[in-house]
Amino acid sequence: MRPAHLNTVLDQEFLGAQQDTHTPVMLWGPPGVGKSQIITQIGARHNVPVIDIRLSQMEPSDLRGIPFREGNAVEWAIPAMLPDTERHGTQGILFLDEITSAVPSVSAAAYQLILDRRLGEYEVPNGWAIFAAGNRQGDRGVSYTMPAPLANRFSHYEVDLNLDDWVSWAYSYGIDERIIAFLRFRPELLFDFDPAHNPVAFPSPRSWEFAHRALQKFDQTPSVLLGSLQACVGGTAGIELKAYLDNLTSMPDIDAILRGERVPAPVSIDLQYAVASALISRATRAESSLPASEIYGNILNYASAFPQKEMGVMLVSDLLRAVGDEIFAQPEFADWAEAIGEILLYH
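Since the model is a prediction, treat every value here as computed from it, not as a measurement.

Parameters and conventions
- Residues numbered from 1 in each chain as written.
- Predicted model: local features only at pLDDT ≥ 70, side-chain atom pairs only at ≥ 80, totals over all residues.
- Heavy atoms only, no water.
- Pairing = 2+ DSSP bridges.
- Helix = DSSP H or I, 4+ residues; strand = E, 2+ residues; numbered from the N terminus.
- Axes fitted to C-alpha atoms, helices over the stretch in contact; angles between N-to-C directions.
- Buried < 20%, exposed > 50% of the residue type's maximum accessible area, 1.4 Å probe, protein only.
- Domains from an automatic or database assignment.
- Buried area = accessible area lost by both parts, 1.4 Å probe.
- Salt bridge = Lys/Arg side-chain N within 4 Å of Asp/Glu carboxyl O.
- Polar contact = N/O pair within 3.5 Å; in protein donor to acceptor, adjacent residues only side chain to side chain.
- Expected span 1.5 Å × (residues − 1).
- Phe/Tyr/Trp six-rings, centres within 6.5 Å; stacked < 30°, edge-to-face > 60°.

Pairing in this open sheet of 5 strands is parallel, and the strands run β2-β5-β8-β1-β9 from one edge to the other. Because the sheet does not close on itself, it has two edges, and the strands there are β2 (50-54) and β9 (155-158). With direction set aside, neighbouring strand axes in the sheet form an average angle of 20 degrees. Note: strand β1 (residues 25-28) against β9, 4 bridges, orientation parallel. The partner of M26 across the bridge, within β9, is H156.

This is the structure:
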């Protein structure tokens, strides 16, 4: 399932914890596709804490607690990391990450916690959702087969990569517009992992975020820029990205486009992607002295300048994802929509 749809599912499952309709959710996917980040975003969207427990790093006693003598009986000290109403609040997310990398004795200790929402005397507070994530066995990570009794305690979703969803996230998080443009140009490199070769660095949503950081740090240090990009996304993808960046010297004047001046669209496809990404990035940053509505209108006008109508559709679709339904109120939107004729706008 693509991330945009998973967000809808997880939102409802979180709300279900408040209404006694919650089912624990298990997210499956290869490393680096953003499973943990999806959960973090749910917590941020609802303004609730996310308690991230990495089961791969735990012993059974870490979950069950430590026994101590109380008179003639043995009691268990409840681990402080587990959700507690007084410490953590009445609502939140208990996130059991790397659950498929946990040794069987630890996953067995989690059975009761996941299904019955309790462990010995401890009980997960009402209002707390339980989500988990892990890698598949073919992904070459440390992974154990999930026992059937544990698997049967979850609803299961596989995280499918979707470039449009990633682009929407990238604009909102300020990822360098040049990386967004490059992946629009080379979408197959959003995720390129071959478990048979077990690479150390490879393209993934996580490693493209690392490449963004490298670009901010080493953009003005050409001697190390290529090496730093390859260290994040691998040798081949790093070389391709560096070559793409070097070709951007012939970019048209983005500020002139935003001012509404007539600027021809670049001939080469890679530069067209770069122009589109730069325009969306400027629209979301609100750094211009021009009113936002004027900027949106000028971008909509420029969408008709591309030789391929599909490129204009992509530009307007990304603008819609970045700034929302406000663009529908622009007079230029109706003009553009009429101009594209038979091409449908998907968003």
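Attention now goes to unusual backbone geometry. Unusually for a residue other than glycine, D20 sits at a positive phi of about 65 degrees. Position of D20 relative to the elements: it lies in the loop between α1 (3-19) and β1. The phi dihedral of N47 is positive, around 55 degrees, even though this residue is not glycine. Of note, N47 is situated in the loop between α2 (35-46) and β2. Judged by relative accessible area, N47 falls into the exposed class, the value being 71%.

Moving on, we get to the domain arrangement of the chain. Segmenting the chain into domains produces domain 1 (3-158) and domain 2 (163-345). Just the C-alpha atoms count here: the centres of domain 1 and domain 2 sit 36 Å apart. Contact between domain 1 and domain 2 buries roughly 930 Å² in total, counting both sides, with carbon and sulfur atoms accounting for 53%. At the surface where domain 1 touches domain 2, the tally comes to 0 salt bridges. The interface formed by domain 1 and domain 2 contains 2 residue pairs in polar contact (both at pLDDT 80 or more).

A word on α1. Here α1 contains 17 residues, and its C-alpha end-to-end distance of 24 Å stays within 8% of the 24 Å for a straight helix at 1.5 Å per residue. Where α1 terminates, the next one or two residues include D20, which has phi positive at roughly 65 degrees.

This part covers the packing of aromatic side chains. A full pass over the atoms with the stated rule returns 12 aromatic pairs. Plain terms: the ring middles of F328 and F333 are 5.0 Å apart, the flat faces sit at 75 degrees to each other, and that makes the pair edge-to-face. Under the relative-accessibility criterion, F328 is labelled partly exposed at 38%. Judged by its relative accessible area of 13%, F333 is buried.

If a strand is regular, its side chains alternate between the two faces of the sheet. The buried fraction of strand β8 (residues 128-134) amounts to 7 of the 7 residues, a majority that puts the element mostly inside the structure. Both faces of β8 are covered, namely the face carrying W128, I130, A132 and G134 and the face carrying A129, F131 and A133. Bridge analysis of β1 against β8 gives 4 bridges, and the strand direction is parallel. If you follow L27 over to β8, its bridge partner there is A133. Here 5 bridges tie strand β5 (residues 92-97) to β8, and the two strands are oriented parallel to one another. By the bridge assignment, L94 is partnered in β8 with I130.

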